[in-house]
Amino acid sequence: MVLWIILICYILVMVGIGVCCAKKSNNVNDFVLGGRSVGAWFTAFAFGTSYFSAVIFIGYAGQFGWKYGVASTWIGIGNAIIGSLIAWLLLGKRTRIMTKHLDCSTMPEFFEKRYNSKSLKTVSAAIVFIFLIPYTASVYNGLSRLFEQAFHIDYSVCIIAMAVLTAVYVILGGYKATAINDFIQGLIMLAGIAMVVILIIDSKGGLTNALDAIGSIPDENGNLNSYNSVFGPNKADLLGVVILTSLGTWGLPQMATKFYAIKDDSAIKRGTVISTIFAFVVAGGSYFMGGFGRLFVNAEDITINGKISYDEIVPTMLNETLPEVLIGIVVVLVLSASMSTLSSLVLTSSSTLTIDMIKPFTKGKMDEKKQVLVMRILIAIFLIISVVIALNKNTYITTLMSISWGALAGSFIAPYLYGLFSKKITKPAVWVSFASGVGITVIHMFIFTFGGRGGTFLGFSLASPINAGAFAMIFGLIIVPIVSLFTKQKDSDKELTEKIFTECFEK
């Protein structure tokens, strides 16, 4: 009864905010970007809550805590420094200025207007829509596993219920409803993560005793003190996770658009600090907690059909440690994290498809109200497709997320980053980035994920979709300036680029 009361109160607040914001979201700018007037706190929390969801708290914390022990905390530190602090310092101000000048609402629109190419907009919009779906499915997957254990509700029912709740407040209120909800959800996440970490460690006799206990468990090679060491038993694969989950935010459309919507330069400065602290607490705390998973779970208990179900580790830890009332709070914590990420994903996908793919074919016949209506319909369609994928319970959360992040960030990070700072990036280089990001991800998926091949290279697991995603990002950052060096810009493209940079940054 306590769990249900907490949950129902939370749902009523979320839906209420959506209803209140509905009247303020009648045009595209308000629905997608909140009128570009969102302050530092709301934007920072929107960035952080879109970044961290049940994928992190349930999937990644469980799997990488199991594999690397307390060294998995480095992933959270990387998320805070690279994925939040440096991302805001490097991208925040220039993104806000250039996207406002170009009147962009989506990342594909940025590619079109920055590189003077409608084809780039269409193809990038297709990439966004296709590869955001597995990420959304991974969020549902993680969220539903915890609900299944806490409420003893069927996994499929949990997924469908979460989709309906997300649809209600995003369809009604758009970005403003999402931003306000993100702020409330972020506060819940900060308090909840801190509380859970303290209770988990305390249940094992304090930090010193917990570290000694996890160090006494031998790793796969029979070595002791691996799971409480600074860098864990596998440094190479740990680095791959840090790169994917930290550098990836620089090229993900649902993260970049947070900078489109922020109010002014002073809000960016404050938002940088807030977002970084948020990431340290939420990501650092989640991975640190996951590092003690072996103290609560035996491999035999979570092995299903010969495979370890990593996604069961954190829910089992919580069930064994927390009293019922606190489990209710944690359920709301994970629901908060997931709802905020889901709302960002579906809003990004629907706005991209409407503005960048459907609207151009109407030849000016789609007014503001029709665009918002189409976005609302597409939100529902996008959620339905994601639910169908998530109903396959046997797919690892980390696999789904890695495929999504690898393709999206691998395709977009280089043309987006270099496009903000350099006048010399050419259209052929952007096409190469798109092809390599999607190509590396899809080829790896068929050879290793579906093909079942393995092996290592320089200590990195070749079968890991995480390492493949990290490689796709780094490859894009290297190949784009090289291709730009050997290809030429048209005179019209040069003139447009000079005009953009002069009006945005040099005046």
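Structure shown above.
Residues numbered from 1 in each chain as written. Predicted model: local features only at pLDDT ≥ 70, side-chain atom pairs only at ≥ 80, totals over all residues. Heavy atoms only, no water.

### What about the overall build of the protein?
Point 1. Across its full length, the protein holds 19 helices and four strands.
Point 2. Counting over 507 residues, the protein shows a buried share of 60%.
Point 3. By element, 66% of the accessible surface of the protein is carried by carbon and sulfur atoms, the whole surface being about 19200 Å². (Helix = DSSP H or I, 4+ residues; strand = E, 2+ residues; numbered from the N terminus. Buried < 20%, exposed > 50% of the residue type's maximum accessible area, 1.4 Å probe, protein only. Areas by Shrake-Rupley, 256 points an atom, 1.4 Å probe, with all protein chains shown as cover.)

### Quick look at the nonpolar core
Point 1. Ranked by internal contacts, the top residues of the largest apolar core, which has 113 residues, are Phe 52, Phe 110, Phe 111 and Tyr 416.
Point 2. For this core, the element with the highest residue contribution is helix 16 (residues 397–421), accounting for twelve residues.
Point 3. When residues no more than four places from it in sequence are discounted, the contact partners of Phe 110 are Met 98, Thr 99, Leu 102, Cys 104, Tyr 115, Tyr 260, Pro 415, Tyr 416, Gly 419 and Leu 420. (Core = buried A, V, L, I, M, F, W, Y, C linked by side-chain atoms within 4.5 Å. Contact = heavy atoms within 4.5 Å.)

### What about helix 3 (residues 40–51)?
Point 1. A rise of 1.5 Å per residue sets the reference length of helix 3, with its twelve residues, at 16 Å; its end C-alpha atoms lie 16 Å apart and thus fit the reference within 8%.
Point 2. Counting buried positions over the twelve residues of helix 3 gives ten, a clear majority of the element.
Point 3. What helix 3 keeps buried is the set Ala 40, Thr 43, Ala 44, Phe 45, Ala 46, Phe 47, Gly 48, Thr 49, Ser 50 and Tyr 51. (Expected span 1.5 Å × (residues − 1).)

### Some points on the environment of Ser 484
Point 1. When you line up the elements, Ser 484 lands in helix 18 (residues 465–486).
Point 2. For Ser 484 and Pro 428, which are 56 residues apart along the polypeptide, the C-alpha to C-alpha distance reads 7.4 Å.
Point 3. Those residues within four positions of Ser 484 in sequence are excluded, and the remaining contacts are Lys 424, Ile 425, Thr 426 and Ala 429.

### What to know about the state of the cysteines
Point 1. On inspection of all chains with the given rule, the structure shows zero disulfides.
Point 2. Considering cysteine sulfurs only, Cys 504 is the nearest to Cys 104, which forms no disulfide, with 9.5 Å between them.
Point 3. A relative accessible area of 12% means that Cys 504 is categorised as buried. (Disulfide = S-S within 2.5 Å.)

### Things to note about the packing of aromatic side chains
Point 1. Under the criterion given, the structure shown has 15 aromatic pairs.
Point 2. Plain terms: the ring middles of Phe 412 and Phe 434 are 5.5 Å apart, the flat faces sit at 80 degrees to each other, and that makes the pair edge-to-face. Of this pair, Phe 412 sits in helix 16 while Phe 434 sits in helix 17 (residues 427–449), and the two are 22 residues apart along the sequence.
Point 3. Over the ring of Phe 421 we find Arg 94, and its NZ or CZ is 4.5 Å from the ring centre. (Phe/Tyr/Trp six-rings, centres within 6.5 Å; stacked < 30°, edge-to-face > 60°. Lys NZ or Arg CZ within 6 Å of the ring centre and 35° of its normal.)

### Observations regarding the pattern of salt bridges
Point 1. In this structure the tally under the stated criterion is six salt bridges.
Point 2. A salt bridge links Asp 265 to Lys 93, with the shortest nitrogen-to-oxygen separation between them at 3.8 Å. Of the two residues, Asp 265 sits in helix 12 (residues 265–290) while Lys 93 sits in helix 5 (residues 73–102), which places them 172 residues apart along the sequence.
Point 3. Asp 493 is paired through a salt bridge with Lys 427; the nearest N and O atoms lie 3.3 Å apart. You can see Asp 493 sitting in helix 19 (residues 491–506) and its partner Lys 427 sitting in helix 17, a full 66 residues away along the chain. Of the two residues, Asp 493 and Lys 427, neither departs from the other in class, the shared state being buried.
Point 4. Each of Lys 93, Arg 96 and Asp 265 takes part in salt bridges that share partners, so that together they form one network. (Salt bridge = Lys/Arg side-chain N within 4 Å of Asp/Glu carboxyl O.)

### A closer look at a nonpolar patch on the surface
Point 1. Together, Ile 81, Ile 86, Val 273, Ile 277, Phe 280 and Val 281 line one region of the surface with nonpolar side chains, adding up to about 470 Å² of accessible area.
Point 2. If you list the elements that add at least two residues to the nonpolar patch, you get helix 5 and helix 12.
Point 3. Of the residues forming the nonpolar patch, the biggest block, four residues, is contributed by helix 12.
Point 4. Summarising the element assignment, Phe 280 is placed in helix 12.
Point 5. With relative accessibility at 38%, the residue Phe 280 sits in the partly exposed group. (Patch = residues over 30% accessible without salt bridge, like charges linked within 9 Å, V, L, I, M, F, W, Y side chains within 5 Å.)

### Some thoughts on the environment of Pro 233
Point 1. Relative to the assigned elements, Pro 233 resides in the loop between helix 9 (207–215) and helix 10 (235–247).
Point 2. For the pair Pro 233 and Glu 220, spaced 13 residues apart in the sequence, the C-alpha separation amounts to 8.7 Å.
Point 3. If sequence neighbours within four positions are ignored, Pro 233 has contacts with Lys 67, Tyr 68, Asp 219, Ser 226 and Tyr 227.

### Section: empty space enclosed by the protein
Point 1. If you walk through the whole model with that rule in mind, you get four cavities of 30 Å³ or more.
Point 2. For the second largest cavity, the calculated volume is near 60 Å³.
Point 3. Around the second largest cavity sit Arg 114, Tyr 115, Asn 116, Ile 425, Thr 426, Lys 427, Gln 489, Asp 493, Leu 496 and Thr 497, which together line it.
Point 4. Those elements that provide at least two residues to the lining of the second largest cavity are helix 6 (107–115) and helix 19.
Point 5. Here the lining of the second largest cavity is built from residues that sort into three nonpolar, four polar and three charged. (1 Å grid on protein atoms, 1.4 Å probe; cavity = no way out; pocket = protein on both sides within 12 Å on 5 of 7 lines; lining within 4 Å. Points joined across faces, edges and corners; volume = space filled by probe spheres on them. Nonpolar A, V, L, I, M, F, W, Y, C, P; charged D, E, K, R; others polar.)

Taken by themselves, the reported measurements are silent on function.
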